[in-house]
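# Topology and contacts: notes
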Amino acid sequence: MNFDETIDRIGTHSSKWDMMEPIYGVSPKDGIAMWVADMDFRPPACVSDAIAAMHDHGIYGYFGDEGAYRAAIQWWMKERHGWSLDKDAIFTTHGLVNGTAMCIDAFTAPGDGVVLFTPVYHAFARVIKAAGREVVECQLDIQDGRYLMDFERYDAQMTGRETMVILCSPHNPGGRVWTEAELNDVAAFARRHDLTLVSDEIHHDLVMPGHRHIPMACIDGIEDRLAMLTATTKTFNIAGSHTGNVIIPDPGMRATFAARMAAMGQSANSFGLFMTEAAYSPEGAAWVDALCTYVDGNRKVFDEGVAGIPGARSMPLEATYLAWVDFSGTGLSPADVTARVEKTARIAANYGASFGTGGEECLRFNLATPRARVREAVERLQDAFTDLQ
Ligand SMILES: Cc1ncc(COP(=O)(O)O)c(C=O)c1O
């Protein structure tokens, strides 16, 4: 594993590198792609070897018998997260945006309200609206520079039309690892308002040293209303395989979900299943440990650099490789900040407003790239705001 290797992704149908110019006006030739949440690293050899074995065999037919795939998931969750799960609880979807959309379809009705703690991963609101449901934004508080939830305020916001709440755990874009007490509060909120709880835990392996993620399924008294979403794709940089898991502890909810999966004609992609089984292994685990240490190093370089820009502030990153920078203290308008980042620094970063209320003055920067590129990015950012010194 050599995370310092620079791999040219231009011209490979990479969304992150090949779409930055049409979307942000930043050329990949001299620009830095720090938006889409995938990494500029190769996955561990165990994953590439699984694909090489498929290639050597040369036949790409339908997949059968998910026994080993499910056993690999059970092993990983027990080994890495202390969570024993029933193999029959696992449904495989075409990634987790699809998994979220399937949950909305299965467990809510058109016109229902779906609660989001904003700012939060933008695709949630997109699929809620596309399904004809209403986004109910419960804005996160900021205390000591970190996001917190305020359930007294959220209780007062509920109208009775809400039937689902979607939690992002760990939180994208704020980088929070929710504590056990906070997860208990989310569970109590879901029970109080009779909401199905969808807990998207796609970032659950990307936790910085010193922090520990707790799966929502390990919280007492939530199993009868929970759908937990996990995947190998973010952790191992195999998002193109579009494979994710919706894990449902309750048998009644499973039957409802299975019926919707059947109605949609959903079945899994064999590449994703082979890669997942290979990734969830001791070799995959060692690679993830090294990756998190490397990303934590990038985080330090980036945060130190951002601290040199008067009025800009990075949220402390407890998990994910996505830095969330609040530029409100610069006194500049979001449009001015964005222009400096794109035109002067030539960096493509996600617009904060796309994450919902509370994100307007922030930008999200992807740090899963060789450290030399992170250093270059912070130098360019400091130059772009040099007049504020
Ligand atoms: C919280 C969260 N959920 C889901 C996804 C995307 O999942 P998928 O590629 O499996 O659809 C992302 C990607 O960044 C994410 O951050």
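Data block above holds the structure.
Let us now look at the side chain of Arg70. You can see Arg70 is positioned in helix H4 (residues 67–81). Since its relative accessible area comes to 18%, Arg70 is described here as buried. Sequence-distant contacts of Arg70, that is, excluding residues within four places in its chain, are made with Lys87, Asp88 and Ile90.

Bringing the pairing of strand E10 (residues 244–247) into the picture now. Neither face of E10 is left uncovered, since the one carrying Gly244 and Val246 and the one carrying Asn245 and Ile247 both have all their residues buried. In terms of strand pairing, strand E2 (residues 90–93) meets E10 through four bridges, oriented antiparallel. Bridge pairing in E10 links Thr93 to Gly244. Pairing geometry for strand E9 (residues 226–230) and E10, over three bridges, is antiparallel. In the sheet register, Thr230 faces E10, and the bridge partner there is Asn245.

With that settled, consider the nonpolar core. Formed by 64 residues in total, the largest nonpolar core has its most connected members in Val115, Phe117, Met149, Leu167, Phe189, Leu197 and Met216. Counting residues per element, this core draws most heavily on helix H12 (residues 282–307), at seven residues. With sequence-adjacent residues up to four places away left out, Leu197 is seen in contact with Val165, Leu167, Val186, Ala190, Met216, Ile222, Arg225, Leu226 and Ala227.

Right, let's get into the sheet that holds strand E3 (residues 113–118). Spatially, seven strands are ordered E2-E10-E9-E8-E7-E3-E4 in an open sheet, and the strand pairing comes out mixed. Every interior strand has two partners, whereas the edge strands, E2 and strand E4 (134–139), have only one. The average undirected angle you get between the axes of adjacent strands in this sheet is 25°. Sheet strands in contact with helix H8 (residues 180–192) are E3, strand E7 (162–168) and strand E8 (196–200), and its direction is about 165° off that of E7. The strands touched by helix H10 (residues 251–264) within the sheet are E2, E8, E9 and E10, with E2 carrying the most contacts at an inclination of about 25°.

Definitions and cut-offs
- Residues numbered from 1 in each chain as written.
- Predicted model: local features only at pLDDT ≥ 70, side-chain atom pairs only at ≥ 80, totals over all residues.
- Heavy atoms only, no water.
- Helix = DSSP H or I, 4+ residues; strand = E, 2+ residues; numbered from the N terminus.
- Buried < 20%, exposed > 50% of the residue type's maximum accessible area, 1.4 Å probe, protein only.
- Contact = heavy atoms within 4.5 Å.
- Pairing = 2+ DSSP bridges.
- Core = buried A, V, L, I, M, F, W, Y, C linked by side-chain atoms within 4.5 Å.
- Axes fitted to C-alpha atoms, helices over the stretch in contact; angles between N-to-C directions.

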